[in-house]
Each structure stands twice: as C-alpha cells, then as structure tokens.
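Commentary on secondary and tertiary structure
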Amino acid sequence: MVKQLKARIRLSGPLSVADYMKEVLTNPTSGYYMHQDVFGTKGDFITSPEISQMFGELIAIWCVNEWMQCGSPSSLQVVELGPGRGTLADDMLRVFAKFEGIRDAVSLHMVEVSPKLSEMQQEKLSGIPVSPHNTDAKEGRPSVTSENQSSMTDAEAMASSDSHYRNCQSKHGVPVSWYRGLQDVPRGFSFFVAHEFFDALPVHKFQKRDGHWREVMVDVDYSPNAEHHLRFVLSQQSTTTGKLLLQINPNELREHVEQSPDSGVVVQELATRIASDGGFALIADYGHSGEKTDTFRAFRDHKLHDPLCEPGTADITADVDFSYLKSLVSDKVICYGPISQQSFLNNMGIQVRLQMLMKTAHGEQLEQLMSGYDMLTNPSKMGERFKFLSLLQSNRKNYEPAGFVPPM
Ligand SMILES: C[S@@+](CC[C@H](N)C(=O)[O-])C[C@H]1O[C@@H](n2cnc3c(N)ncnc32)[C@H](O)[C@@H]1O
C-alpha cells in the first residue's frame, strides 16, 4: 500500500486526505476493509451491534413502529449501508420474523464495497458457509432469546435487480441482495440504516494559515530520518475542492475543519429517495454538530494509531458532522436528532429488554448482557459519543418518532 501511495504521489503530487482515506480503506487490492475481518476482540475495534443483540433488536422495533405509522406498506426494503459482519441485519431479521405483517413485506439490501465482508455477511444471514477458508466469521457474541423462535413463512421470490453483485435467502426466508453503492439499490419504500458507515467515508481537511484556508495533503516524507514514509503538508494555494466546500459556511470560526462531500452525496440520495418513494432513515455514528476540528484518526488493535503509519493495516475514521448532513437535506425531509445513543436506547426501552433477556440467561451470557448494556449506554463509554439522527418524509410533520422522545 505504501509503495502504491508513494508512486501515485510522485506521479501526480500530494493527495488530499480524502483521496488518501479512500485509497487506504477501499483500494480493491490492499484496502483495509477489502480482504479481512477487522471487528471484535481479535480485530481493531468493536461496534455496538457486536457488543449486544439488544442494539439491533431495538433498531428493528424502531423500524416496525415507523413502518406501521406509515400505514404498513406491503413492501419494505431494509437497506443497510456498511453492514460490517452483518450482525445488525441478522438481529433485525430475527425481530421482523416475529411480526406477521412486516415479516412478509421485508427484503434486505446490503450496500457493501468489501468482497470479504459481503461473504461474511452472507454466511451470517443465510447460516450457510460460503467459503471453506472463512473460519473466523463466527467469532462474536452469542444470541440470547427470551421467547420461542416463531416459525417462518416461505420466502418471497428473490429481489431481482441487475445491479446486485451477490444474493441469497436469509435463515428467516428474507431475500437479500448486495450492491457496491446506494445508487444501485432499487427504488421503493425503504428503511435506510447506517451504523458507523458515514465515519468511514473520506473527509477533506482544511486549516487556516495567515487568514487563508489551505487544504491538508499527504505527501512523501523525503527527510533522511523520516519516521514514516508519508507526512502531512499544507497546500500552497487554496485548492479547488477547498474553494467549493468552504463556501458552505463563509463565517466559519474554527481554524481547522473537516468536510466530507461523499457523505453529503449519500445523505442527499437518502433524502431524495425518502421524499419521492417513502420511508425513513436512521443514521447512528460518533459525531458532533459542527464544533469539532481535528477528528481524523486511526485505530489498530483497539488503540489509537498514527494514520500515516503502515496504511492499510489500521482503520481510519473521522467524526460525522451531523449539522452538515442536516443542512443538506432539511428542505427535503424532516430530521430528528442527533440525540445520544444512551437517550435513544433508553427511550426505546433497553432496560425492559435487558430484564427480559436476563430471565433466561446464565453465567457468561448474563455477564455479557450486563456489560453490553453498560458499554452501550454509559455516557463515559458509548452512551454519549454516539448519536442517532433520523430522516422522515416531510408529510409527517407534528409527529415525533419513537426513540427521539421519552416514552409516555
Ligand atoms: C466501521 S464499519 C461498520 C460496520 C457495521 N455497520 C457495524 O456497526 O458493525 C464500516 C463498514 O462500511 C463498509 N464501507 C466502507 N466504505 C464503504 C463505501 N464507500 N461503500 C460501501 N461500504 C463501505 C465497510 O466495508 C464496513 O462494512
């Protein structure tokens, strides 16, 4: 990866941080996400769906409620952006299988660039191994049930679309298809869910120098005792991207900002689809409301890591600017949030769910349930840093979605 990056920089000059991030995460041959399982205790970081089944279950309940509020349409596309190991989708399908109406309405659409992760997702959702080499796909927390598994109806016909690159039928009989981008997903009434997806999308970084905005770029480090092969430099002039992006807020008071036009394109596509085809979206991620400055960072082995050191071997990420996302879509859809993960999960009844699961759990399972609950909701852990934002069709004014208000 470092050789490729250096060759590219020598040929065409320093890369924007966004180009660097895109290359490091999703380069088809050596991108971080493309060929390995990066999650869990053996990986570099752990996400909420991997910590506790309650997370996916409550998101599924949120979806069932919104679907009913919309008049229970006979077809519901659940579209997950950046599905990781497929754990969130699997937990959601287990819940949908228990609700008669939605069970027969649902098809699942996974937006995933990684061949390795899409394979793992298929294994998890179908319960059938895809490749004999894929032995680590089953690592993860066990699921606890507080009720008997209900029997499943026959699956609907496979969702047919030329643009998918993989498909299967889930354990619960739901048709599942995979796409490389949102633009490939068929149009229709949809629930879009993006958990820790936007933080993986490329950001441009800008810094004010002598009253002028300059873009942070990645260059080869030519110094003889360079610690790494690469270093950050500031552009000599304002870049074209910079001129365009910084027009958004000419009164910006910060001296260092991050902008993710790729996130802007995705959120606008979500809003356009919701406005014209119906549906709703839930975006959950770590983020801020336009006040943070330098959040670009890397994680390896659950620790902070230098983002320029051994690119491709660590996750690189940046906090999501929720105010930027909202500013791009508030003319098309109604936005609720962002609210903290702790508030969302509490409002959705995580404590009640915890009590139910605890009745049938023992030993290690019981400990995992309690530590998972603490990890997800404790403000000093994931409870405050992670936020939820929802997008609803604009004809649903004067309605407050579950999760965003305390239950009566
Ligand atoms: C941080 S992981 C989150 C995984 C999962 N949502 C979870 O919470 O466990 C990011 C996911 O987004 C996928 N991804 C990253 N960039 C993407 C892109 N440009 N298009 C589609 N998927 C992408 C990765 O392969 C991975 O599945």
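The protein chain appears in an unreviewed UniProt entry as Protein arginine methyltransferase NDUFAF7 from Ridgeia piscesae. As recorded by UniProt, the Catalytic activity (unreviewed entry) comment attached to the protein chain reads in full: "L-arginyl-[protein] + 2 S-adenosyl-L-methionine = N(omega),N(omega)'-dimethyl-L-arginyl-[protein] + 2 S-adenosyl-L-homocysteine + 2 H(+)". Quoted verbatim from the Subcellular location (unreviewed entry) field of the UniProt record, the comment on the protein chain reads "Mitochondrion".

Broken down by element type, the protein chain carries 14 helices and 17 strands. Its C-alpha atoms give the protein chain a radius of gyration of 22 Å, near enough to 22 Å, the size a compact globule of 408 residues would have. With respect to the principal axes defined by its C-alpha atoms, the protein chain has extents near 65 × 50 × 45 Å. Restricting to contacts in the protein chain with at least 6 residues of sequence separation, those with at least 24 account for 75%.

In this structure, Leu76, Phe96 and Phe191 are the most contacted members of the largest nonpolar core, which totals 54 residues. The element contributing the most residues to this core is helix H4 (residues 53-69), with 9 residues. Counting residues in each nonpolar core, the second largest holds 28 residues, with Leu5, Leu15, Tyr32 and Ile316 among its members.

This next bit is on helix H2 (residues 17-26). Along an α-helix, residues three or four positions apart point the same way, because every turn accommodates 3.6 residues. Burial runs high along H2: 7 of the 10 residues are buried. Here H2 has its buried residues at Val17, Ala18, Tyr20, Met21, Glu23, Val24 and Leu25. Against the buried residues of H2 lie helix H1 (2-12), strand S1 (15-16), strand S7 (204-209), strand S8 (212-220), strand S9 (230-234) and strand S14 (315-317).

This next bit is on the site of the ligand. Surrounding the ligand, one finds 19 residues, the nearest of these being Thr47, Gly82, Gly84, Glu112 and His195. The separation between an oxygen atom of the ligand and a polar side-chain atom of threonine 47 is 2.6 Å. Separating an oxygen atom of the ligand from a side-chain N or O atom of glutamate 112 is a distance of 2.5 Å. Within the shell around the ligand, the residues separate by chemical class into 10 nonpolar, 6 polar and 3 charged.

Taken as a whole, the largest pocket holds about 840 Å³ of empty space. Taken together, 39 residues form the lining of the largest pocket, with Thr26, Gly82, Val113, Phe197 and Leu201 sitting closest to its centre. Listing elements by their share of the lining of the largest pocket, those giving two or more residues are H2, helix H3 (48-51), strand S2 (76-81), helix H5 (87-96) and helix H9 (261-277). Looking at the lining of the largest pocket residue by residue, the classes come out as 19 nonpolar, 9 polar and 11 charged. Both domains that meet at the lining of the largest pocket, namely domain 1 (2-29 + 204-258) and domain 2 (48-202 + 260-396), each give it at least three residues.

A cis amide bond links glycine 337 to the next residue, proline 338, at an omega of 5°. With respect to the secondary-structure elements, proline 338 resides in strand S16 (residues 333-340). Of note, the phi angle at glutamate 196 is positive, near 50°, even though the residue is not glycine. Checked against the element boundaries, glutamate 196 lands in the loop between strand S6 (190-195) and S7. A relative accessible area of 13% places glutamate 196 in the buried class. Phi is positive for aspartate 210, close to 50°, though the residue is something other than glycine. By the secondary structure assignment, aspartate 210 is in the loop between S7 and S8.

On to empty space enclosed by the protein. On inspection of all chains with the given rule, the structure shows 3 cavities of 30 Å³ or more. Its boundaries defined by the atoms lining it, the largest cavity holds a volume of some 110 Å³. Around the largest cavity, the lining is made up of 15 residues, and of these Val203, Ser260, Asp319, Val320 and Asp321 lie nearest the centre. Mapped onto the lining of the largest cavity, the elements with two or more residues apiece are strand S10 (256-259), strand S15 (320-321) and helix H10 (322-329). Residues of the lining of the largest cavity, tallied by class, amount to 7 nonpolar, 4 polar and 4 charged.

Interface size is often expressed as the accessible area that is lost when the parts come together. In terms of domain boundaries, the protein chain breaks down into domain 1 (2-29 + 204-258) and domain 2 (48-202 + 260-396). Spacing between the C-alpha centres of domain 1 and domain 2 amounts to 31 Å. Tallying the contact residues gives 22 residues for domain 1 and 27 residues for domain 2. Between domain 1 and domain 2 lies a buried interface of about 2,000 Å² when both sides are counted; carbon and sulfur atoms form 70% of it. When residues of domain 1 are sorted by the area they lose upon contact with domain 2, Met21, Arg254 and Glu258 head the list and together hold 31% of the total.

Calculation notes
Residues numbered from 1 in each chain as written. Predicted model: local features only at pLDDT ≥ 70, side-chain atom pairs only at ≥ 80, totals over all residues. Heavy atoms only, no water. UniProt positions renumbered as here; feature names shortened; annotations may be inferred. Helix = DSSP H or I, 4+ residues; strand = E, 2+ residues; numbered from the N terminus. Rg over C-alpha atoms; globule rule 2.2 N^0.38 Å. Contact = heavy atoms within 4.5 Å. Core = buried A, V, L, I, M, F, W, Y, C linked by side-chain atoms within 4.5 Å. Buried < 20%, exposed > 50% of the residue type's maximum accessible area, 1.4 Å probe, protein only. Near = heavy atom within 4 Å. Polar contact = N/O pair within 3.5 Å; in protein donor to acceptor, adjacent residues only side chain to side chain. Nonpolar A, V, L, I, M, F, W, Y, C, P; charged D, E, K, R; others polar. 1 Å grid on protein atoms, 1.4 Å probe; cavity = no way out; pocket = protein on both sides within 12 Å on 5 of 7 lines; lining within 4 Å. Points joined across faces, edges and corners; volume = space filled by probe spheres on them. Domains from an automatic or database assignment. Buried area = accessible area lost by both parts, 1.4 Å probe.

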